[in-house]
Amino acid sequence: MEELDRSRAFARDVKRIVVKVGTAVVTGKGGRLALGRLGALCEQLAELNSDGFEVILVSSGAVGLGRQRLRYRQLVNSSFADLQKPQTELDGKACAGVGQSSLMAYYETMFDQLDVTAAQLLVNDSSFRDKDFRKQLNETVKSMLDLRVIPIFNENDAISTRRAPYQDSSGIFWDNDSLAALLALELKADLLILLSDVEGLYTGPPSDPNSKLIHTFVKEKHQDEITFGDKSRLGRGGMTAKVKAAVNAAYAGIPVIITSGYSAENIDKVLRGLRVGTLFHQDARLWAPITDSNARDMAVAARESSRKLQALSSEDRKKILLDIADALEANETTIKAENELDVAAAQEAGLEESLVARLVMTPGKISSLAASVRKLAEMEDPIGRVLKKTEVADGLVLEKTSSPLGVLLIVFESRPDALVQIASLAIRSGNGLLLKGGKEARRSNAILHKVITDAIPETVGGKLIGLVTSREEIPDLLKLDDVIDLVIPRGSNKLVTQIKNTTKIPVLGHADGICHVYVDKSCDTDMAKRIVSDAKLDYPAACNAMETLLVHKDLEQNAVLNELIFALQSNGVTLYGGPRASAILNIPEARSFNHEYCAKACTVEVVEDVYGAIDHIHRHGSAHTDCIVTEDTEVAELFLRQVDSAAVFHNASTRFSDGFRFGLGAEVGVSTGRIHARGPVGVEGLLTTRWIMRGKGQVVDGDNGIVYTHQDIPIQA
């Protein structure tokens, strides 16, 4: 989806628009009019006109269209002998005169069909040297706009004193791009849109898969990176003129967008503040960094900063977390404003309700996050703890100590609050961190990252936590197994699987959160209803929410099954059944038991007994969190021992499967793997170990002259 762009908020205040359409958009193959594209353009402009916008059109295409028509006429009027002779190049000015009348005839026909009046205004460069001309131009255009007329400008190439159209770059303006920029300034437009045959300005030829679209042009950054003319990396001469015109207009105070005239409704998207094309603005340097860090630079910088962090005292590391908590609360209004923009964009784009729910930072969320950061700060310092102490030989002592992993790469979707949890855990565990959030939470992630890194002292540096803003950087990061030590993907099954298949770096995480609640025949009915309702309704989009309810077959007979179903349905939960439950309850049959709804919906199935429940969980679960509700302790212990999941509960909601609720302070994610860490991963899951040995000059020397004692030494608190 196109993203709402905070830097394009100016679009809300736009009234007068200059739209320039290039030859490549106006004409198609062979120089003929591209009727479909022009029709779509006219419809957009007519709609803007009816919505009260003042629209001014600058249209190229006359020379190309005239050349096509004259070549056809030349062919018709030529004998066979004439066609054998070398064909002379047609006069550009004659082409311009013929093509202009055809072009204007089409615009008039099309706008008439849309109940809009258009007017042709042909100008020459020399006219703008006359102050009276410029004054009259303003008055005429104002009168037309007041009457809802769309003025259509073009250079009068047919009688221009230039040597040839498009070959003479002298004068006040030198082509229709610079004419559009000049008119935008002269007529005090609020916005200039230059329509091209590509999406905008690229870092290289648009056809090159390695080229990237530049969303915001920063003169100080990009003017030296892109070479135009014969050596242009863009490979499109027309873009040279557009960029020059855009820079001139933008730095004179007129925002400019270069975008594709091929895409339907691009003008409307620009006016809605969506991130399309390339933006030129006099304040662009304030919105985009002037220098880029490549993937390796970011990872190396994070590692260097992490070593500085580890060198601090425990109290100093604790203070960083407390400062972050204070900064979050101090910037709550700004954070919520950015989050609301993300939510609005997601809703407008029609994202699934579950994704929008994960995106929303609900009232009190900032305070809750700050509280979790403070709790983490108050926990015992995890770095450098002695886990085991051994006397290897007399006077030779070995210690096994806790140590940071190094640099973490966390890729997560939707939930911006995850950024705060992950960053605070990384700081507490002494790790460097690279974060890549979902584009739907771009603004929320950006402001949270800024608030957090601004609170990190210069002695450590804000590069401790890097924010990756482009999806294209992820493949490069996943190759850096020499500088990134662990990848933790938090998101869809597709995301986790894709990352696991494309990197040598160890990956920690879970693909799905298919959590089960099994209600046994010996349950307490009221307790069962509370747990089932909480597991599904407390936060339906969470990975620890119940997705499948398993019920003992005997509960159908004593109406407990119906009470459980009523408790869910009365709270708006949509139910799907397995083969047995759908027949008993008359509900739609689930397409699959292996489905994570992340919404107010779940699957229900009836099983024979606890063994049936365990078998179902092993076949269809994701080894995340599963729960049994029963008063039979023997059955409960059987379930707890045999269910092979990261977290298994007795008489407690699956929603407790969370790092904060476990007392870990926060969690970086939930691991359903079996190596390194399992379940909610807090600080300890982000640590490894190393060995510290203290001796008195001992040497191995073939193990001669040394007596190994290997005695455990008590660890003092």
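All values derive from a computational prediction rather than experimental measurement.

A. Inspection of the pattern of salt bridges at higher detail. Applying the stated criterion across every chain yields a total of 33 salt bridges. Residue K242 pairs with D177 through a salt bridge whose shortest N-O separation is 3.7 Å. Residue K242 is found in helix α9 (residues 237–250), and its partner D177 is found in helix α7 (residues 176–186); the two are separated by 65 residues along the sequence. In this structure K242 comes out as buried when scored by relative accessible area, which is 7%. One salt bridge in this structure joins R674 and D644, with 2.5 Å as the shortest N-O distance. With R674 in the loop between β21 (669–671) and β22 (679–681) and D644 in the loop between α25 (633–642) and β20 (647–650), the pair connects residues that are 30 residues apart, well separated along the chain. Judged by relative accessible area, R674 falls into the exposed class, the value being 55%. According to the relative accessible area criterion, D644 is partly exposed, its value standing at 37%. A network of salt bridges, in which partner residues are shared, links K20, D177 and K242.

B. Quick peek at helix α12 (residues 295–311). An ideal rise of 1.5 Å per residue puts 24 Å on 17 residues; α12 measures up with 25 Å between its terminal C-alpha atoms. For α12, the set of buried residues is A295, M298, A299, A301, A302, R303, S305, S306 and L309. On its buried face, α12 is in contact with α13 (314–330), β11 (407–412), α17 (417–429), β12 (432–436), β13 (465–467) and α19 (474–478).

C. Representation of unusual backbone geometry in the model. A positive phi is found at N586, a non-glycine position, where the angle reads about 60°. Even without glycine at this site, N651 takes up a positive phi of about 55°. Along the chain, the position of N651 falls in the loop between β20 and β21. Take N651: its relative accessible area is 24%, and that puts it in the partly exposed class.

D. Structural view of the pairing of β11. Within β11, six of the six residues are buried, which leaves it mostly tucked inside the rest of the structure. Here β11 shows a buried face lined by V407, L409 and V411 and a second buried face lined by L408, I410 and F412. In terms of handedness, the path from β11 via α17 over to β12 forms a crossover that is right-handed. Bridge analysis of β11 against strand β14 (residues 486–490) gives five bridges, and the strand direction is parallel. Its bridge partner being in β14, F412 is matched across the sheet by R490.

E. Representation of the sheet that holds β11. Spatially, four strands are ordered β13-β12-β11-β14 in an open sheet, and the strand pairing comes out parallel. One side of each edge strand has no neighbouring strand; the edge strands of this open sheet are β13 and β14. Adjacent strand axes in the sheet meet at a mean angle of 15°, parallel and antiparallel pairs treated alike. The strands touched by helix α18 (residues 442–454) are β11 and β13; relative to β13, the strand with the most contacts, the crossing angle is about 160°. Along the sheet face, helix α20 (residues 493–500) touches β11 and β14 and points at about 160° away from the line of β14.

F. The arrangement of the nonpolar core in detail. In this structure, L328, I410, I427, L433, L435 and I465 are the most contacted members of the largest nonpolar core, which totals 49 residues. For this core, the elements supplying multiple residues, two or more each, are α13, α16 (365–378), β11, α17, β12, α18, β13 and β14. Counting residues per element, this core draws most heavily on α17, which supplies eight residues. In this structure L433 touches A302, L408, I410, I422, A423, A426, L464, I465 and G466, once residues within four positions along its chain are discounted. Formed by 40 residues, the second largest nonpolar core is a distinct cluster that contains V18, L182, V243 and A246.

Rules used in this analysis
Residues numbered from 1 in each chain as written. Predicted model: local features only at pLDDT ≥ 70, side-chain atom pairs only at ≥ 80, totals over all residues. Heavy atoms only, no water. Salt bridge = Lys/Arg side-chain N within 4 Å of Asp/Glu carboxyl O. Helix = DSSP H or I, 4+ residues; strand = E, 2+ residues; numbered from the N terminus. Buried < 20%, exposed > 50% of the residue type's maximum accessible area, 1.4 Å probe, protein only. Expected span 1.5 Å × (residues − 1). Contact = heavy atoms within 4.5 Å. Right-handed = clockwise from strand over helix to strand, strands pointing away. Pairing = 2+ DSSP bridges. Axes fitted to C-alpha atoms, helices over the stretch in contact; angles between N-to-C directions. Core = buried A, V, L, I, M, F, W, Y, C linked by side-chain atoms within 4.5 Å.

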